[in-house]
Amino acid sequence: MSTPVPGMNTPDAPSLPQGADAPQDSDLPAGAAAPDAPRPPAATGPTGGTTDGSDGSGGTTDGAVRTGGTDADGLLAEQLLRLTRRLHRIQKRHLEPVGITPAQSRLLRTVAHYDRPPRMADLAARLEVVPRAVTSLVDGLEAAGRVRRVADPTNRRVVLIELTDAGRATLRALRSARRAAAEDILAPLTVDQREELGGLLSALVDPGPERRC
């Protein structure tokens, strides 16, 4: 055992900086705040959104809860447009043997709808097109012998559009072509599904005066 040297003090434990407390095992670094307890995950609603209006990632959904995150109406509109294009292609294919375009066939059916030969203005209003478009279609049908221009017996300055025998024969061929085109497009549907589709399409085509813009 060594003997203390006279005049020398026994070294004390290292001193701490002035004003500092002695560290404890559970202390954090100086200036650090104690961490908060972990937050439980946000509760979700039946459609995947959160019940507190957030999107589960810190943002908000602005109060809108989307079903499955998709725009159902936009998807439906796109499907209708695709179906329209497919119908046009199928109809055009079936009309080619008849030698008539879809626009001409529509005009011919419209002429046949009237009890008496209609005026050009009547056809334009019925088809919701400008008179110039009707003139072009009538020119093509008249050149094929399917319609003819006649003067209105009550006003010689008014021109009426009259079906010819060839036009009536074309209408019969059109009905067969349209049935074949419809069968192509509706083949995957059952009879009940076709009836339901007919009702839905009627509601869209003729929504009633209170819903028209």
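Here the structure is a predicted model, which means the values were calculated and not measured.

What follows concerns the overall build of the protein chain. Looking only at helices and strands, one finds six helices and two strands in the protein chain. From first element to last, N terminus to C terminus, the protein chain shows the α and β order α-α-α-α-β-β-α-α. Here the protein chain holds 213 residues, and 17% of them are scored as buried.

What follows deals with the pairing of strand 2 (residues 155–163). Successive residues of a regular strand alternate their side chains across the two faces of the sheet. Where strand 1 (residues 147–152) lies against strand 2, six bridges are found, and the strand directions are antiparallel. Paired with R148 across the strands is E162, a residue of strand 2. Hairpin geometry of strand 1 and strand 2 is characterised by an intervening segment of two residues between the two adjacent antiparallel strands.

We now examine the side chain of Q104. One can find Q104 in helix 2 (residues 102–113). Discounting chain neighbours no more than four positions away, the residues touching Q104 are L137, G140 and L141.

A separate point is the layout of surface pockets. For the largest pocket, the calculated volume is near 1100 Å³. Lining the largest pocket are 27 residues; nearest its centre among them are L83, L87, I185, L186 and L201. Every element with two or more residues in the lining of the largest pocket is listed here: helix 1 (72–95), helix 2, helix 5 (165–186) and helix 6 (191–205). Take the lining of the largest pocket: its biggest share by element is eleven residues, from helix 1. Taken together, the residues of the lining of the largest pocket sort by class into 15 nonpolar, five polar and seven charged.

Once that is clear, we can look at the packing of helix 1 against helix 5. Two elements in contact, helix 1 and helix 5, have axes separated by 9 Å at closest approach and are oriented at 140°. Classified by the angle between their axes, helix 1 and helix 5 sit oblique to one another. Crossing of helix 1 against helix 5: the hand is right-handed. Judged by residue contacts, L83, R86, L87, I90, Q91, R93, H94 and L95 of helix 1 engage L174, A177, A180, A181, D184 and I185 from helix 5. For the contact of helix 1 with helix 5, the class distribution of residues is nine nonpolar, two polar and three charged.

Another aspect to go through is the pattern of salt bridges. A side chain of one charge can pair with a side chain of the opposite charge when the charged atoms of the two come close. Counted according to the given criterion, the structure contains nine salt bridges. The partner of E142 in a salt bridge is R149, with the nearest N and O atoms 2.4 Å apart. Through salt bridges with shared partners, a single ionic network connects D139, E142 and R149.

Listing the buried residues of helix 3 (residues 120–127) in full gives M120, L123, A124 and L127. Down the axis of helix 3, the buried set is contained in an arc of 100°. They therefore lie on one face. The first or second residue beyond helix 3 is E128, which carries a positive phi of 60°.

This next bit is on the nonpolar core. Counting 20 residues, the largest nonpolar core has L107 and L108 as its most contacted members. With residues up to four places along the chain from it excluded, the contact list for L107 reads L123, L127, V134, L137, V138 and L141.

Looking now at the confidence of the model for the protein chain. Per-residue confidence for the protein chain gives a mean pLDDT of 76, with 64% of residues at or over 70. Confidence drops under a pLDDT of 50 for residues 45–55, and excluding neighbours within four residues, the segment shows 23 contacts in the predicted structure. Taken together, the stretch residues 58–69 has pLDDT below 50 and engages in ten contacts with residues farther than four places along the chain or on a different chain.

About the criteria used
Residues numbered from 1 in each chain as written. Predicted model: local features only at pLDDT ≥ 70, side-chain atom pairs only at ≥ 80, totals over all residues. Heavy atoms only, no water. Helix = DSSP H or I, 4+ residues; strand = E, 2+ residues; numbered from the N terminus. Buried < 20%, exposed > 50% of the residue type's maximum accessible area, 1.4 Å probe, protein only. Pairing = 2+ DSSP bridges. Contact = heavy atoms within 4.5 Å. 1 Å grid on protein atoms, 1.4 Å probe; cavity = no way out; pocket = protein on both sides within 12 Å on 5 of 7 lines; lining within 4 Å. Points joined across faces, edges and corners; volume = space filled by probe spheres on them. Nonpolar A, V, L, I, M, F, W, Y, C, P; charged D, E, K, R; others polar. Axes fitted to C-alpha atoms, helices over the stretch in contact; angles between N-to-C directions. Parallel < 35°, antiparallel > 145°, perpendicular 65-115°, else oblique. Left-handed = near helix turned anticlockwise from the far one by under 90°. Salt bridge = Lys/Arg side-chain N within 4 Å of Asp/Glu carboxyl O. Arc of directions from axis to C-beta. Core = buried A, V, L, I, M, F, W, Y, C linked by side-chain atoms within 4.5 Å. pLDDT = per-residue confidence, 0-100.

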